[in-house]
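# Coordinate analysis (summary)
Listed below are the residues making up each chain.
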Amino acid sequence: MHLRSFAARLHEVDPLQPEADVIAWASLCLSKGGVLIYPTETFYGLGGDPYQPEVVERIYRLTARDGRKPLPLIAANEVAARRAAHIWPEVAERLARAFWPGPLTLVVVAAPQFPPSLHAQTGKIAVRVSSHAVARNLAAGAGGLIISTSANLAGQTPCVHPDQLPLEFLQQVDGVLHAGATPGGQPSTLVDVTVDPPQLLRAGVIEWERLQRVLL
C-alpha cells in the first residue's frame, strides 16, 4: 500500500468522534498555509484556508483545476456559512434549516474579504455544512470555513478512500486525515440562491423535488 510511503503525514481519525489532538494539529496546519486531504459525507476533499491567496493558488495548481471554476467551501455551522456570504437570502435560510448538516451546497453572493481567485472573479461562492464530523470539526478548528474541492486531479474520478490517490498527488499535500472509506455515490446537490427562483446547478444526493417542496 503506497500510503506507507506517506506515513509521516498520515493521521488516522475516527469518522464519528474525531480525536481533538488530530483536529488541533490539522487546524494549525491550515492556519500556517497548509493543504490537507480530509473526508466529507460524499468524497474526500482537498482543503485549505480560503482567506490566503497563496493557498488558493496552490490548490488550483495541485488539482490542475480550471482557474475559471470557483472553489467551494465547507462551513462549521450555519453561522460560519453566513460569513461566506455578502447577502444571505431568506431562501438560503429555509434550505439550510431543512438540509444542513448535509450534502446541499448553496451558491451565494461572496463576502468581499475573500481573494477574488477563490471564486474565480464570479462574485459568487458555494458553501455547505457537512454532515461528516471530521469535515465539520476541521472547519470549526480552522475558524469556521475551509476550502473543499475534491481530492483528485481535475477530470478524474472523485476519491472515496485515500488508497485511491497516487503517491505523486499525496506528496504535494501537507497531510491526510484518514477516516476510512466515504459513501461516494453522487456529489452534493448544488443550488444557486442568488437568483429567483433558485436554480439547480448540479443534481446530487438530495433530490431536486425535495428541495422544491421546501421552496414552495
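Description of the structure in this document.

Criteria and cut-off values
Residues numbered from 1 in each chain as written. Predicted model: local features only at pLDDT ≥ 70, side-chain atom pairs only at ≥ 80, totals over all residues. Heavy atoms only, no water. Pairing = 2+ DSSP bridges. Helix = DSSP H or I, 4+ residues; strand = E, 2+ residues; numbered from the N terminus. Contact = heavy atoms within 4.5 Å. Axes fitted to C-alpha atoms, helices over the stretch in contact; angles between N-to-C directions. Buried < 20%, exposed > 50% of the residue type's maximum accessible area, 1.4 Å probe, protein only. 1 Å grid on protein atoms, 1.4 Å probe; cavity = no way out; pocket = protein on both sides within 12 Å on 5 of 7 lines; lining within 4 Å. Points joined across faces, edges and corners; volume = space filled by probe spheres on them. Nonpolar A, V, L, I, M, F, W, Y, C, P; charged D, E, K, R; others polar. Arc of directions from axis to C-beta. Disulfide = S-S within 2.5 Å. Phe/Tyr/Trp six-rings, centres within 6.5 Å; stacked < 30°, edge-to-face > 60°.

### Quick word on the sheet that holds strand E9 (residues 149-150)
Strand order in the open sheet formed by 5 strands is E1-E10-E2-E3-E9, and the pairing between neighbours is mixed. Where the open sheet ends on each side, the last strands, each with one partner, are strand E1 (10-12) and E9. Lying over the sheet, helix H5 (residues 133-141) contacts strand E2 (36-39) and strand E10 (175-178), oriented at roughly 135° with respect to E2.

### Considering helix H4 (residues 90-99)
The set of residues buried in H4 consists of Val-91, Ala-92, Glu-93, Leu-95, Ala-96 and Phe-99. Residues of H4 that are buried in the fold lie against helix H3 (78-83), strand E6 (104-110) and helix H7 (208-215).

### What to know about the layout of surface pockets
Reported here for the largest pocket is a volume of approximately 800 Å³. Forming the boundary of the largest pocket are 35 residues, of which Arg-65, Pro-70, Pro-72, Thr-149 and Arg-202 lie nearest the centre. When residues of the lining of the largest pocket are traced back to their parent elements, those giving at least two are strand E3 (44-47), E6, strand E7 (124-129), E9, strand E11 (189-192) and strand E12 (199-202). Sort the elements by how many residues they give to the lining of the largest pocket and E7 lands first, with 4 residues. A per-class count over the lining of the largest pocket returns 15 nonpolar, 13 polar and 7 charged.

### Here we look at helix H2 (residues 53-63)
Listed in full, the buried residues belonging to H2 are Val-55, Val-56, Ile-59, Tyr-60, Leu-62 and Thr-63. Buried positions in H2, seen along its axis, are confined to an arc of 165° and lie on one side of it. Looking at the packing, one finds that the buried side of H2 touches E3, strand E8 (145-147), E9 and helix H6 (167-170). Ala-64 occupies a position one or two residues after H2 and carries a positive phi of about 55°.

### A short note on the state of the cysteines
Tallying each qualifying case throughout the model produces 0 disulfides. Cys-29 carries a free sulfur, and the closest cysteine sulfur to it, the one in Cys-159, is 18 Å from it.

### Quick notes on the packing of aromatic side chains
In total, this model carries 2 aromatic pairs according to the counting rule given. Relative to Phe-114, the ring of Tyr-51 lies with its centre 5.0 Å away and its plane at 20°, an arrangement referred to as stacked. Taken together, the positions of Tyr-51 in the loop between E3 and H2 and Phe-114 in the loop between E6 and E7 put the pair 63 residues apart, joining distant regions of the chain. Assessed through its relative accessible area of 34%, Tyr-51 is described here as partly exposed. Note on Phe-114: relative accessible area 3%, which makes it buried.

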